[in-house]
Amino acid sequence: MRLRFVFSELAIGLRRNLLMMFAVVIIAAFSMMFLGTGLLMRSQVGITKAAYFGKLQVSVYLCPAGSVDPQCPAKASDEQIQNVQSALEELRPLVSSVQFIDQDQAWQIFKQEFRDAPALIKNTDPTALPESFVVKLSDPKRFDAVNSAVANLPGVDQVQNANTFVKKLFSIMNSMRNAALVACGVSIVAAAVLIGVAVQVAATSRRRETGIMRLVGASNLYIQLPFLLEGVLAGLVGAVLGFGGISLVKTLIVDGQLRPLLPVLGGQVIEWADVFGTIPWLLGISVAVSALASFVTLRMYTRV
Amino acid sequence: MIRFDNVTKMYAQQARPALDDVSLEVEKGEFVFLVGASGSGKSTFLRLVLREERPTQGHVHVAGKDLAKLSSWKVPGLRRQLGTVWQDFRLLPNKTVSQNVAFALEVIGRSRHQIATVVPEVLDLVGLADKGGRLPGELSGGEQQRVAIARAFVNRPMVLLADEPTGNLDPSTSVGIMRLLDRINRTGTTVVMATHDAQIVDSMRRRVIELEGGKVVRDQSRGVYGYSS
């Protein structure tokens, strides 16, 4: 096999087909970017899930001072707080722990959680934060039992299930991930078709050469390899650009705009290691898809 | 070298077969003219030998191999033993004469060293030793056909198939091409030439196979183009 020949044919082909290859590279880059985004989204869901695991708890918020809520005519009294606490303790063993958070602690937690949003901290009045009970359940699904036991007691503002929030968060993240993967699937199909067309155009424009090659007894490999490489090269460049795209997403969005949302995401976001971890997927899938698309096209259009 | 056993070739959507129960044998080293009107089956004959087509019925043997049993990945190997020349030359316009001939060797993976030795030799044989650097567009028709013959012969095939090689050339140029094919034949290469050129066939006095409507109607050693009719 004379590689020099194959590569010179490849260079000629690329030169002749430059505009087509440009289109192929762009669509391949987009599909690989969607794929990478989907993969990273999946990693983020995993990270967030792990961070929230064990933190699934019920918060029973008590009436703060100056509330306009009709359920809270005044700040919860010590006696009311006592009543709520004993009502919760009665639910053992479903309730595994009950912790009282007073206003000081609430303020500390608030400052800690929103340390990346100083404006929010500055504009918040510490006395507006409600006192609460943080209740851990041995079975997080039986939130209703807690809710019905304390929701209507005097001094209770509202009972909030962190579980509901986490579920909602995950369903949002999952649907974003699915959207990215669907976009990836559609654009991969588009890229495959485009690669097929580009290879077909390349093969047709060089029909004279390939015709001679066939008749002087060049093997199929020799005839098809330059075209196959043309398709694979386009896919490969697309994957590299797609990786550049998700690196940009990591820098500008994950490490930029998403910073203030860090606590919501479980205090942790995807690392560069996760970003680099997508490389084998991007390269593997784009090379496989482009090779397959080129191969199938060549089988259909250049026969021995 | 080439043997047809009861070969019939039907093309899809055509009621009449292109070749109809043809049996014949071409020995090693023979020079054979294939004559007949357009559509008589000459080109189909050549395409079957090249295994560009497969017979509908019967068997084609080339160089001792039954082409029906030849798996498709061995077809390139078969074609390396066959040289082909066409009426329209089929040269690559953006490659020089030398590069056109070298192309046939490059694509079958010959070494650069080998190509550098063989190409000038074969250009010398066809009488174009001093025109290796020219582009096909700068050459006359006869010279272009010599390049095509050089390309077909550079790999020393056992059989040279020529489909109307003089069809685009004037009579005096054609004589030169026929001398060249004759020389190649004398090196032991079997030559099968499809032609309409009565004058050439008559002057060469070689074996003539005449096809009519896909059937062999005449097979004459030292024949002429046609009975004076």
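All residue numbers here refer to positions counted from 1 along the written sequence of the relevant chain. Key to labels: chains lettered from A, ligands numbered from 1, both in the order written. Local features in this predicted model are restricted to residues whose pLDDT is 70 or higher, and side-chain atom pairs enter the listing and the counts only when it is 80 or higher, whereas totals over whole chains, interfaces and linings include all residues. Neither water nor hydrogens contribute to the side-chain values; these are computed over all heavy atoms in the structure.

Below, the discussion takes up the interface of chain B and chain A. In this description, contact between two residues means that some pair of their heavy atoms is separated by no more than 4.5 Å. On the chain A side, the residues contacting the 27 residues of chain B number 18 residues. Two parts lose some accessible area (1.4 Å probe) when they are put together, and adding that loss for both gives the buried area. Buried surface at the junction of chain B and chain A, both sides included, amounts to about 2,000 Å², of which 58% is carbon and sulfur. Salt bridges are counted wherever a side-chain nitrogen of Lys or Arg sits within 4 Å of a carboxyl oxygen of Asp or Glu. Viewed at the interface, chain A and chain B are joined by one salt bridge. We note a salt bridge from Glu-52 of chain B to Arg-214 of chain A, for which the minimum N-O separation is 3.4 Å. By the criterion applied in these results, polar contacts are pairs of N or O atoms within 3.5 Å in which, for protein atoms, one can donate a hydrogen and the other can accept it, and in which residues neighboring in sequence qualify only through two side-chain atoms. At the boundary of chain B and chain A, one finds four residue pairs in polar contact (both at pLDDT 80 or more). We count a stretch as a helix when DSSP gives it H or I for four or more residues in a row; a strand needs E for two or more, and each element gets its number in order from the N terminus. Every element with two or more residues in the side of chain B that touches chain A is listed here: helix 2 (75-79), strand 6 (82-86), helix 3 (97-106) and helix 4 (112-125) of chain B. Of the residues contributing to the side of chain B that touches chain A, the split by class is 13 nonpolar, five polar and nine charged. For this classification, the nonpolar set comprises Ala, Val, Leu, Ile, Met, Phe, Trp, Tyr, Cys and Pro, the charged set comprises Asp, Glu, Lys and Arg, and every other residue, Gly included, is treated as polar.

To continue, consider the packing of aromatic side chains. How two aromatic rings sit relative to each other is set out by the distance from centre to centre and by the angle between their planes. Stacked, tilted and edge-to-face are the three classes applied to pairs of Phe, Tyr and Trp rings, where Trp contributes its six-membered ring and a pair requires centres within 6.5 Å; stacked means planes under 30 degrees apart, edge-to-face means over 60, and tilted covers the rest. This structure, assessed with the given rule, holds eight aromatic pairs over all chains. Plain terms: the ring middles of Trp-272 of chain A and Phe-276 of chain A are 6.0 Å apart, the flat faces sit at 35° to each other, and that makes the pair tilted. Of the two residues, Trp-272 of chain A and Phe-276 of chain A are both situated in helix 10 (residues 272-277); the distance of four residues between them amounts to about one turn of the helix. Classification of Trp-272 of chain A as partly exposed rests on a relative accessible area of 33%. The rule is simple: take the accessible area with a 1.4 Å probe, protein chains only, and divide by the maximum for that residue type; under 20% is buried, over 50% is exposed, in between is partly exposed. According to the relative accessible area criterion, Phe-276 of chain A is partly exposed, its value standing at 45%. With a centroid separation of 5.2 Å and an interplanar angle of 55°, the aromatic rings of Phe-31 of chain B and Phe-33 of chain B are classed as tilted. Assigned by exposure class, Phe-31 of chain B and Phe-33 of chain B land together as buried. An aromatic cluster is built from Trp-107, Phe-110 and Phe-114 of chain A, whose rings are joined through pairwise contacts. For a Lys NZ or an Arg CZ to count as sitting over a ring, it must be within 6 Å of the ring centre and within 35 degrees of the ring normal. Positioned above the aromatic ring of Trp-86 of chain B is the side chain of Arg-90 of chain B, whose terminal nitrogen or guanidinium carbon lies 4.1 Å from the ring centre.

Let's shift gears to helix 6 (residues 171-186) of chain B. Residues and elements named next belong to chain B. For a helix, the expected span equals 1.5 Å multiplied by the residue count minus one. Between the first and last C-alpha of helix 6 there are 22 Å, a value that for 16 residues agrees with the 22 Å anticipated at 1.5 Å per step. Here the buried face of helix 6 lies against strand 3 (31-35), helix 4, helix 5 (141-153), strand 7 (159-163), strand 8 (190-194) and helix 7 (198-204). Remark: Gly-188 follows helix 6 within two positions and exhibits a positive phi of approximately 105°.

Neighbouring strands of a sheet are bound in pairs by backbone hydrogen bonds; such pairs are parallel or else antiparallel. All names here are of chain A. Spatially, 2-3-1-4 is the arrangement adopted by the four strands of the open sheet, whose pairing is antiparallel. Where the open sheet ends on each side, the last strands, each with one partner, are strand 2 (95-101) and strand 4 (156-161). Direction aside, the axes of adjacent strands within the sheet are offset by 20° on average. As paired elements, strand 1 (residues 57-62) and strand 4 share five bridges and run antiparallel to each other. Residue Leu-62 lies in a different strand from strand 4, and its bridge partner there is Val-156. Taken strand by strand, helix 6 (residues 143-150) contacts strand 1, strand 2, strand 3 (132-137) and strand 4, and its axis lies near 180° from that of strand 4. What makes two strands pair is DSSP finding at least two bridges between them. Only the contacting stretch of a helix is used when fitting its axis, a line to C-alpha atoms as for every element, and angles between N-to-C directions run 0 to 180 degrees.

This paragraph deals with unusual backbone geometry. Residues and elements named next belong to chain B. One non-glycine residue with positive phi stands out, namely Phe-89, at about 65°. Note that Phe-89 resides in the loop between strand 6 and helix 3. Accessibility expressed as a relative area gives 10% for Phe-89, which makes it buried. Notably, Arg-205 is not glycine yet its phi reads approximately 55°, a positive angle. Looking at the element boundaries, Arg-205 is found in the loop between helix 7 and strand 9 (207-212).

Next up on the list: the sheet that holds strand 1 (residues 2-9) of chain B. All names here are of chain B. Ordered in space as 2-1-4-5, the four strands form an open sheet in which the pairing is antiparallel. In this open sheet, the two edge strands, each paired with only one partner strand, are strand 2 (19-26) and strand 5 (65-66). As paired elements, strand 1 and strand 2 share five bridges and run antiparallel to each other. If you follow Lys-9 over to strand 2, its bridge partner there is Leu-19. With respect to the sheet, helix 1 (residues 42-49) is in contact with strand 1, strand 2 and strand 4 (57-62), its orientation differing from that of strand 1 by roughly 120°.

Our next topic: a nonpolar patch on the surface. Residue and element names in this part refer to chain A. Residues Leu-233, Leu-236, Val-237, Val-240, Leu-241 and Leu-283 make up a contiguous nonpolar surface patch of about 450 Å² in total accessible area. A total of five residues in the nonpolar patch trace back to one element, the largest contributor, which is helix 9 (residues 220-257). Residue position: Leu-283 is located in helix 11 (residues 279-301). Judged by its relative accessible area of 33%, Leu-283 falls in the partly exposed class. Grouping into patches uses exposed residues only, defined as over 30% relative accessible area, and leaves out salt-bridged ones; the cut-off is 9 Å for like charges and 5 Å for nonpolar side chains (Val, Leu, Ile, Met, Phe, Trp, Tyr). Under the convention used here, a 1.4 Å probe and the Shrake-Rupley method define accessible areas, while residue burial counts only the protein chains that appear.

Our next topic: the side chain of Glu-230 of chain A. Residues and elements named next belong to chain A. Assignment of secondary structure puts Glu-230 in helix 9. The side chain of Glu-230 is buried and forms no salt bridge, while Arg-206, the nearest opposite charge, is found at 5.6 Å. Contacts of Glu-230, omitting those with residues within four sequence positions, involve Leu-10, Gly-13, Leu-14, Asn-17, Met-21 and Ala-202. A residue counts as positive if it is Lys or Arg and as negative if it is Asp or Glu; His and the chain ends are not included.

Residue and element names in this part refer to chain A. Among all positions in helix 6, only Phe-143, Val-146 and Val-150 are buried. Each buried residue of helix 6 lies within a common arc of 70° when the element is viewed along its axis, so the set occupies one face. In helix 6, the exposed positions angled more than 90 degrees off the buried face are occupied by Asp-144 and Ser-148. Considering only its buried residues, helix 6 is in contact with strand 1, helix 3 (78-89), strand 2, strand 3 and strand 4. Each C-beta atom gives one direction from the helix axis, and the arc is the one those directions make.

For the rest of this paragraph, the subject is the pairing of strand 10 (residues 215-220) of chain B. Look at any regular strand and the pattern is simple: side chains alternate between the two faces of the sheet. Residues and elements named next belong to chain B. Here five bridges tie strand 9 to strand 10, and the two strands are oriented antiparallel to one another. Bridge pairing links Glu-210 to Arg-218 in strand 10. Connecting strand 9 to the next strand, strand 10, in antiparallel fashion are two residues, including Gly-213 with a positive phi near 55°.

Attention now goes to the confidence of the model for chain B. Residue-level confidence of the predictor, termed pLDDT, takes values from 0 up to 100. The predicted model of chain B has a mean per-residue pLDDT of 92, with 99% of residues at 70 or higher. For this predicted complex, the interface confidence score (ipTM) comes to 0.87, while the overall pTM stands at 0.71.

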